[in-house]
Amino acid sequence: MGPHPAVAAIRLAVRRVLHDVLTDHAPERAPDQAPDAPSRAPLVLVACSGGADSMALASALAFEAPKLGIRAGGVTVDHGLQSGSDLRADEVVLRLTELGLAPAESVAVTVGRDGGPEAAARDARYAALDATAERHGATAVLLGHTRDDQAETVLLGLARGSGTRSLSGMAAVSGGPGADRRYRRPFLHLDRQTARKACMVQSLPVWDDPHNADPAYTRSRLRHEGLPALEKALGKGVVEALARTAQLSRDDADALDAWAGRAEASVRDAAGLLECAKLYALPPAVRRRILRRAAIEAGAPAGSLFARHIEEIDRLITGWRGQGAINLPGKVVAQRQGGRLVIRQG
C-alpha cells in the first residue's frame, strides 16, 4: 500500500520542484576536479520554522532528494522575538537532523523596525537565508508557503491598492542576490490542511507559532477573521479563487513589465531624459511601470514607493498645470522641466 494521500501529494510537489532545480542548475564541476571526475551533487536547503507546513516540506525533501542524487539540508531562523526562541531553534535542528538532513543549523538574527514588525522579520529572515545559501553553496532554498498563504498575500496586496503586481502574490520561483531562481515554493497549489495531515500521519512533531494567532499582526487577523468572514459571505472556494487570481495577475504583470522594458528606450532623449510627450502616448499601465523603475533607479526604496507616489509623478505627464516638484521616498525628487521628466536625488 502506498503512502497516505497527503504524504503522496507533498512528495510529488517536492519531486517536481527538484526536477526543475536539476534542469535549471546542472551540477558544476569543482575547479580542481579532473575532466572525467563526477560533479559534486547539488545542495538544496529547506527553510524550516518547525511548523506543519515547513516540517512537511522537510520530510518530503529528505525522502525525495536522495533518489535524485541531491544533497538535502535545512536551516531554521531564530528571530529572537519570543522567550526561549533559541531552544525552539535547537529543537528544529534536532528534528531536521533526525530526518537525515545535513547540514542542519539555526541562524540567529536581529529584527529591525523598518516597515513594521512583520516586514522587518521577513527582511531579516531572507537576509539570513541568502547568507546561509551562499555560505553552503546551496543551489536552491525551499519554502513552505501554501495556497492559503497565497490567498492571504493577495488580500494584503488588494488592501494596499498597489496594482497588478501586488495582486500576483508569491512567485513559485523567486530570487536572492546573485541568484534569481534561488527560492522555490512547492506547496502553492496545496492547502494548509494537506501539510498538517501529512505531519500527523507521519508522526512528525510540529510547533505552532503563537504569533500566527496573535491579533496584533495583520496577517493573523486576516487568517482567523478576514478569510473565514469571506468564506461565510461568499461560500467555499475563496482561497482557491484568490490563488488563481494570483497566477493570472502574475502573468499579466510579467507581460506589462516586459512591455515597459522594451518601451523605455524609446521615450528617452539623447541625454537619457524621459520625454513627457512620448510617455503620454503610452498606455497608463506601461507608462507607470517606467516611472516606477526610474524612481527606484534614482534612489527611491522600492518597498517605500507606493501607488500614490507613482500617480503623483504620472500627473506631471497627464495633468500638467505647472505644478512643482514631487517629493518621493529616499529624498528623490521628480519634476517636469522643458518637456522632460527629471527624477533625481533632491
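Keep in mind that what you see is a predicted model, and the values were worked out from it rather than measured.

Given a rise of 1.5 Å per residue, 20 residues ought to cover 28 Å, and the 29 Å separating the end C-alpha atoms of helix 4 (residues 117-136) matches this to within 8%. Every buried residue belonging to helix 4 is among Ala119, Ala120, Ala121, Ala124, Tyr126, Ala128, Leu129, Asp130, Thr132 and Ala133, and all of these are buried. Immediately downstream of helix 4, the backbone of Gly137 shows phi near 65°, a positive value.

Let us look at the sheet that holds strand 8 (residues 326-328). The sheet built from four strands is open, its strands ordered 7-10-9-8 with antiparallel pairing. Unpaired on one side and paired on the other, strand 7 (274-275) and strand 8 mark the two borders of the sheet. Note: strand 7 against strand 10 (residues 340-345), two bridges, orientation antiparallel. The residue bridging Glu275 from the neighbouring strand is Arg340, located in strand 10. Where helix 11 (residues 284-297) meets the sheet, it contacts strand 7, strand 8, strand 9 (332-337) and strand 10, and its direction lies at approximately 35° from that of strand 10. Where helix 12 (residues 307-318) meets the sheet, its contacts fall on strand 8, strand 9 and strand 10, and the angle it forms with strand 9 comes to roughly 15°.

Moving on, we get to the pattern of salt bridges. Summed over all chains, the structure comprises 26 salt bridges. The partner of Arg192 in a salt bridge is Asp149, with the nearest N and O atoms 2.9 Å apart. Taken as a pair, Arg192 in helix 7 (residues 192-201) and Asp149 in helix 5 (residues 147-160) lie far apart in primary sequence, 43 residues in all. A residue is classified by how much of its surface remains accessible, and Arg192, at 17% relative accessible area, is buried. One salt bridge connects Asp254 with Arg165, and the closest N-O pair in it is separated by 2.9 Å. Residue Asp254 is found in helix 9 (residues 238-264), and its partner Arg165 is found in helix 6 (residues 164-167); the two are separated by 89 residues along the sequence. Taking relative accessible area as the criterion, Asp254 reaches 39% and is therefore assigned partly exposed. For Arg165, a relative accessible area of 31% translates into the label partly exposed. Among the charged side chains, a salt-bridge network with shared partners connects Asp149, Glu152, Arg192, Arg219 and Arg223.

Between helix 9 and helix 11, whose axes approach to 9 Å, the crossing angle comes to 70°. Accordingly, the angle class assigned to the pair helix 9 and helix 11 is roughly perpendicular. Where helix 9 approaches helix 11, its residues Ala253, Leu256, Asp257, Trp259, Ala260, Gly261, Ala263 and Glu264 are matched on the opposing element by Ala285, Val286, Arg289, Ile290, Arg293 and Glu297. In terms of residue class, the contact of helix 9 with helix 11 is built from eight nonpolar, one polar and five charged.

For the structure shown, the criterion picks out one aromatic pair. Considering the side-chain rings of Tyr126 and Tyr183, the 5.2 Å spacing of their centres and the 90° angle between planes classify their relative orientation as edge-to-face. Residue Tyr126 is located in helix 4, and its partner Tyr183 is located in strand 6 (residues 179-184); the two are separated by 57 residues in the primary sequence. With respect to class, Tyr126 is no different from Tyr183; both count as buried.

Taken residue by residue, a regular strand's side chains alternate between the two faces of the sheet. With five of its five residues buried, strand 1 (residues 43-47) lies for the most part within the structure. Along strand 1, one buried face is formed by Leu43, Leu45 and Ala47 and the opposite face, lined by Val44 and Val46, is buried too. Pairing of strand 1 with strand 2 (residues 71-78) involves five bridges; the strand directions are parallel. Its bridge partner being in strand 2, Leu45 is matched across the sheet by Gly73. Note that strand 1 and strand 4 (residues 140-142) share three bridges and pair parallel. In the sheet register, Leu45 faces strand 4, and the bridge partner there is Val141.

What counts as what
Residues numbered from 1 in each chain as written. Predicted model: local features only at pLDDT ≥ 70, side-chain atom pairs only at ≥ 80, totals over all residues. Heavy atoms only, no water. Helix = DSSP H or I, 4+ residues; strand = E, 2+ residues; numbered from the N terminus. Expected span 1.5 Å × (residues − 1). Buried < 20%, exposed > 50% of the residue type's maximum accessible area, 1.4 Å probe, protein only. Pairing = 2+ DSSP bridges. Contact = heavy atoms within 4.5 Å. Axes fitted to C-alpha atoms, helices over the stretch in contact; angles between N-to-C directions. Salt bridge = Lys/Arg side-chain N within 4 Å of Asp/Glu carboxyl O. Parallel < 35°, antiparallel > 145°, perpendicular 65-115°, else oblique. Nonpolar A, V, L, I, M, F, W, Y, C, P; charged D, E, K, R; others polar. Phe/Tyr/Trp six-rings, centres within 6.5 Å; stacked < 30°, edge-to-face > 60°.

These results come straight from atomic positions and should not be treated as a statement about function.
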